[in-house]
Amino acid sequence: MRGMGNMQGMMKQMQKMQKQMKKDQAALEEREFTGQASDEMVTVKFNGKKELQDIQIKPEAVDPDDIEMLQDLIIMAVNNAMETIDQATQQTMGKYTNNLPKF
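Residues numbered from 1 in each chain as written. Predicted model: local features only at pLDDT ≥ 70, side-chain atom pairs only at ≥ 80, totals over all residues. Heavy atoms only, no water.

1. What to know about the pairing of strand E2 (residues 42–47)
Then, in step 1: The buried count for E2 comes to five of six residues, which makes it a mostly enclosed element.
Then, in step 2: Alignment of strand E1 (residues 32–36) against E2, held across five bridges, turns out to be antiparallel. The residue bridging Phe 33 from the neighbouring strand is Phe 46, located in E2.
Then, in step 3: Joining the antiparallel neighbours E1 and E2 is a turn of five residues, in which Asp 39 adopts a positive phi near 60 degrees.
Then, in step 4: Examined bridge by bridge, E2 and strand E3 (residues 52–57) share five bridges and lie antiparallel to one another. (Buried < 20%, exposed > 50% of the residue type's maximum accessible area, 1.4 Å probe, protein only. Helix = DSSP H or I, 4+ residues; strand = E, 2+ residues; numbered from the N terminus. Pairing = 2+ DSSP bridges.)

Right, here's the structure in full:
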């Protein structure tokens, strides 16, 4: 019978951890993440769900004769924001997955 009490305790711990994990995930999704290209010519803002919320482009970044530069700046800013989101996700949610056994 001792094993049953242990199992119930473990189940309660798992439920508590799952509840906290959902809470942490929701908080992460609500956070705002900013990505920038060089010299802040392009700034993008995403939420934690990786949805673009805003993009700011400085007028001097817009050169009709060099559209490729603007495209590169946008890509740099978006990639910067995605990296920041991934790092924050790993930092926040990694505590739940890092200790799981590998199968």
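Past the structure itself, the notes keep going.
2. Let's talk about unusual backbone geometry
Then, in step 1: For Glu 40, which is not glycine, the phi torsion reads 55 degrees and is therefore positive.
Then, in step 2: Position of Glu 40 relative to the elements: it lies in the loop between E1 and E2.
Then, in step 3: Its identity as a non-glycine residue notwithstanding, Lys 50 has a phi of 65 degrees, on the positive side.
Then, in step 4: By the element assignment, Lys 50 lies in the loop between E2 and E3.

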